[in-house]
Amino acid sequence: MPDRSSSKLLRALLPLLAATGCDGCPSSKPYTPYTLGSATPSGSPPPLSGVAPGAADAGPEAGAPDAAAPPRFAVVPSVPAPAGGKQWPLEGGAVVAAPTGRTFETGLLLDADGDGARDLVVWARSPDGLRGELLLAPAARPQALRTLTALPGDLAAQGCTPRVALSQIGPSTLAFDFAPQCGADRRAASAGATRWLAVIRLPGSAAGAGAPPELALELRLRAPPPEEALSAALEVADRDADGRDDLLVTLGLSGALRPFSAPHPAPAGAASELRAPLIFLDRPAGLSRDAAQPGETLRALAASLLRDARGKATAPAVAAAAQRLRRLNALLCADAAGGGALAGRDAARAGEALVWTGAGPVRCGEPGLAAAIDNAEAVAASTRGAPLAAVAALDHGAEPRAKDADKLIAKVAPPAAATAVYRTAAAPQPAGPGAFGPLAFEASGALLVRTAQGVVRVDPATSTESATDVPPWPAAIHAGPAQLVAVERRCDAPTLLALFRSSADAVGEMEVPLPLLRGQGPRARAASPERCAGTERLPFSPLAASEGGFDIAVGAALVSIDLRAAAPASSALSFPLTTPAPQGAARSPDGATLAVPAAGGLLVATAGGPARLWSGGDLAQGTACAPANGGARVACVVGAAAVIFEAK
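Along every chain, residues carry numbers that run from 1 in the direction the sequence is written. Restriction of local features to residues with pLDDT of at least 70 applies here, the model being predicted, together with a cutoff of 80 or more for giving and counting side-chain atom pairs; totals for whole chains, interfaces and linings are based on all residues. Calculated side-chain values reflect all of the structure's heavy atoms, with hydrogen atoms and water omitted.

### Observations regarding the overall build of the chain
Secondary structure follows DSSP: runs of H or I at least 4 residues long count as helices, runs of E at least 2 residues long count as strands, and numbering of each begins at the N terminus. Looking only at helices and strands, the chain has seven helices and 38 strands in total. Each residue gets one of three labels from its accessible area relative to the maximum for its type: buried under 20%, exposed over 50%, partly exposed in between, using a 1.4 Å probe on protein chains only. Classification of the 648 residues of the chain by burial places 52% in the buried group. Only heavy atoms matter for contacts: two residues are in contact if any of them lie within 4.5 Å across the pair. Nonlocal contacts in the chain, meaning residues at least 24 apart in sequence, comprise 59% of its contacts between residues at least 6 apart. Here the accessible surface of atoms and residues is derived via Shrake-Rupley with a 1.4 Å probe, and residues count as covered only by protein chains that are part of the display. For the chain, the accessible surface area stands at approximately 26400 Å², while carbon and sulfur atoms represent 55% of it.

### Re the environment of Gln429
By secondary structure assignment, the location of Gln429 is in the loop between strand E19 (415-423) and strand E20 (439-441). Judged by relative accessible area, which is 30%, Gln429 ranks as partly exposed. Separated by 20 residues in sequence, Gln429 and Val449 place their C-alpha atoms 8.1 Å apart. When near neighbours in sequence (up to four residues on either side) are disregarded, Gln429 contacts Pro438, Arg450, Thr451 and Ala452.

### What to know about the pairing of strand E6 (residues 103-110)
The buried fraction of E6 is high, at six of eight residues. Two strands are counted as paired when DSSP detects at least two bridges linking them. For strand E3 (residues 79-80) and E6, the ladder comprises two bridges, and the chain directions are antiparallel. Bridged to Pro80 within E6 is Thr106. Looking at chain direction, E6 and strand E7 (residues 119-125) are connected through seven bridges and run antiparallel. Considered in E7, the bridge of Thr103 is made with Arg125.

### Examining the state of the cysteines
Any two cysteine sulfur atoms lying within 2.5 Å of each other are counted as a disulfide. A full pass over the atoms with the stated rule returns two disulfides. With a sulfur-sulfur separation of 1.8 Å, Cys333 is cross-linked through a disulfide to Cys364. One quick way to see it: the torsion about the S-S bond of Cys333 and Cys364 is about -80°, and its sign makes the bridge left-handed. Linking Cys333 in the loop between helix H4 (318-332) and strand E18 (355-356) with Cys364 in the loop between E18 and helix H5 (369-384), this pair joins segments that are 31 residues apart in sequence. Each member of the pair, Cys333 as well as Cys364, carries the same accessibility label: buried. Two residues, Cys625 and Cys636, share a disulfide whose sulfurs are 2.0 Å apart. Between Cys625 and Cys636, the S-S dihedral sits near 115°, and the bridge is therefore right-handed. Of the two residues, Cys625 is situated in strand E36 (residues 623-627) and Cys636 in strand E37 (residues 633-638); the sequence distance between them amounts to 11 residues. By relative accessible area, which is 11% here, Cys625 ends up buried.

### Digging into the sheet that holds strand E23 (residues 464-467)
With antiparallel pairing, the four strands of this open sheet are ordered in space as E20-E21-E22-E23. Here the strands that pair on one side only, and so sit at the sheet edges, are E20 and E23. Taking the axes of each pair of neighbouring strands and ignoring which way they run, one obtains an average angle of 25° across the sheet. The pairing of E20 with strand E21 (residues 447-450) spans three bridges and is classified as antiparallel. Bridged to Leu439 within E21 is Val449. Where helices are involved, their axes are fitted lines through C-alpha atoms of the stretch in contact, as for all axes, and angles between N-to-C directions lie from 0 to 180°.

### Digging into the packing of aromatic side chains
By convention, a stacked pair of Phe, Tyr or Trp rings (six-membered ring in the case of Trp) has centres within 6.5 Å and planes under 30 degrees apart, an edge-to-face pair has planes over 60 apart, and any other such pair is tilted. Applying the stated criterion across every chain, the model contains four aromatic pairs. Taking the centre distance of 6.4 Å and the plane angle of 70° together, the rings of Trp88 and Phe104 count as edge-to-face. Remark: Phe104 occurs in strand E6 and Trp88 occurs in strand E4 (residues 87-89); sequence separation between them is 16 residues. The burial state of Trp88 is the same as that of Phe104; both residues are buried. Through a chain of ring-to-ring contacts, the aromatic side chains of Trp123, Phe176, Phe178 and Trp196 assemble into a single cluster.

### Side note on the packing of H5 against helix H7 (residues 405-412)
A packed helix pair is summarised by two numbers, namely the angle formed by the two axes and the spacing between the axes. Relative to each other, H5 and H7 sit at 20°, their axes nearing to 11 Å. The orientation of H5 relative to H7 falls into the category roughly parallel. The chirality of how H5 crosses H7 is left-handed. Seen from H5, the contacting residues are Asn375, Ala378, Val379 and Ser382; seen from H7, they are Leu408, Lys411 and Val412. In these notes the angle categories are as follows: under 35 degrees is roughly parallel, over 145 is roughly antiparallel, 65 to 115 is roughly perpendicular, and the rest is oblique. A clockwise turn of the near helix away from the far one marks a right-handed crossing, whereas an anticlockwise turn of less than a right angle marks a left-handed crossing.

### Considerations on the sheet that holds strand E29 (residues 541-546)
Each strand in a sheet pairs with its neighbour through backbone hydrogen bonds, running either in the same direction (parallel) or in the opposite one (antiparallel). Strand order in the open sheet formed by four strands is E29-E30-E31-E32, with antiparallel pairing between adjacent strands. Whereas interior strands pair on both sides, the edge strands pair on one side only; in this sheet they are E29 and strand E32 (569-572). Going from strand to strand, the sheet's axes swing by 20° on average, the running direction of each strand aside.

### Notes on the pattern of salt bridges
Salt bridges are counted wherever a side-chain nitrogen of Lys or Arg sits within 4 Å of a carboxyl oxygen of Asp or Glu. In this structure the tally under the stated criterion is 27 salt bridges. Between Arg283 and Asp242 there is a salt bridge, with the nearest N and O atoms lying 3.5 Å from each other. With Arg283 in strand E16 (residues 274-283) and Asp242 in the loop between strand E14 (228-237) and strand E15 (246-255), the pair connects residues that are 41 residues apart, well separated along the chain. With a relative accessible area of 33%, Arg283 lands in the partly exposed category. Looking at Asp242, the relative accessible area reads 34%, which means it is partly exposed. For the salt bridge of Arg326 with Asp374, the shortest nitrogen-to-oxygen distance reads 2.9 Å. Of this pair, Arg326 sits in helix H4 while Asp374 sits in helix H5, placing them 48 residues apart in sequence. Each of the two residues, Arg326 as well as Asp374, counts as buried. Three or more residues are tied together by salt bridges with common partners; here these are Glu488, Arg490, Asp492, Arg501, Glu509, Glu511 and Arg537.

### What about H4?
In this model H4 runs 21 Å from its N-terminal to its C-terminal C-alpha over 15 residues, within 8% of the 21 Å that 1.5 Å per residue would give. Judged by how many residues are buried, H4 sits mostly within the fold: 13 of 15 residues are covered. Expected helix span is taken as 1.5 Å per residue step, with the number of steps being one fewer than the number of residues.

### Concerning unusual backbone geometry
Here Gln293 and Pro294 are connected by a cis peptide whose omega angle stands at 10°. Locating Pro294 in the fold gives a position in the loop between strand E17 (286-289) and helix H3 (295-309). Going from Phe575 to Pro576, the amide bond is cis rather than trans, its omega being 5°. Along the chain, the position of Pro576 falls in the loop between E32 and strand E33 (593-598). At Ser463, a residue that is not glycine, the phi angle is positive and equals roughly 55°. Structurally, Ser463 can be placed in the loop between strand E22 (455-459) and E23. In this structure, Ala599 takes a positive phi of about 50° despite not being glycine. Secondary-structure assignment places Ala599 in the loop between E33 and strand E34 (601-606). Judged by relative accessible area, Ala599 falls into the buried class, the value being 13%.

### Brief notes about the side chain of Arg326
Arg326 sits in the buried class, given a relative accessible area of 11%. The residues contacting Arg326, other than those within four sequence positions of it, are Ile373, Asp374, Glu377, His396, Leu517 and Gln520.

What follows is the structure, encoded as structure tokens:
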């Protein structure tokens, strides 16, 4: 079905961006944007504008032309250097020679220093194109080349082909874009590739004739994972009515991480990507970032998600839209919850924040944003009648829950006080994390306990325990020759990963991205929002295993891992499950009830019945829990015994 929630977010975003900064400013009409896109094919020049120079805004959000607004500035693109790139003729017969070891690639002829004569602003590059400088050759002294800015040495991406563009995007603003283009076979190189944008401010009349242009801003965009694309659009306008041109950088995210589904195509007139702005106000000391953005926009998007979550028609699309908003937050904001280590000048540092502004990484200052997104997703799950999905949405993240989260959990999974009714003498065989547990109920209600000596049957009604000829079930989780080993959170992976061995004698482990972002899953709150804790293996509950793959629960999030294709894949599962329940799984014999640790208790849910959150007694120390048919009883390993619980 169409992703109505995402579409509504995207349609709502454009007017929000247009209004950001100064409501009602007389000169707030933006100029034609200069647009960069990380997905532009290698070798082609970047698009200079989302609309034709001088044209009115397109789309339903655009208003009628404002006769009082200043005329739009038509973006002026640079032109290629004359043949050979060693010399560039100026007006009047003067010639500019390229510096030794450099070749002119592209340039602009304009009055850059306010003396009335047209100067040359030109990109001079090294033979490999991975080094260079943006130079000014004044018309009055053509050979007195001045370096406006140089490409930082740590941005060179060996094996990638650079693509550059230089444009005048406003009356006193130039933009230079350096974008390494790395093919699919150069993923190792492209992982460190960083797009670099330099904004050059031309001197105003107050500076006097001959004043040189200056670097006003540099922006770095690290390459996102290959399934995603990060774009940037630049606009100049006087947003605060002080007579100076300010800068709006609109950053957009499109695509979707594996294994998340790509967003549905947006309807006509709606944006195709999720966007948020950075605003830089021109002050006498230079550009100053408006700290309110992109936080205000991200918060508005979360509020829009919550509105959609309450509607039956729009709630089904909220989960996918929430994941996209979490990703936008993580990629833009160094202080995003679960975002990992700060991504500063060093593009190789671990972390997800991909944007750096010259003054450092972007801090959005929205500590409650992740909780608001979680809450919207949980409300949508409640609207859909999916209590497990609601609890899963609230049971992760690096922040405290939203203030009404506990009430929502109590609504979808009412609390139940657990009481121990039987403690076995038989000692369950220890099982490692993520293995099939040593406990399994039978359809009759008797409990089987796998011990080191064999399987013992426990009849709590008669308080008897007896040896059986039931063969012990394996602890290892196998799907044919493959074995599930662990679920892992790593600093260098944006999603949680499932690790498995393809066979018993396989060397090393294979990994499958799970439909859970790195900040999701158990114990996510233990890490600092701005620091990734290295590699962490997470607890999970096995639910099923077959020749085709595995079903597991990570907290209350249900995931299926399919090994049948050449490239193993994973996807979110809906409850109830249709796969058979093996002995030792966190499911009842008929497969209709499951019991998984979540939200500080044990979430017990039965298909067609209620979900309840059990807690109390020794249940907090219980592991490897298994429910009986109907969910009236649950058995867990507590210390050296198996304990059967009932709940009131």
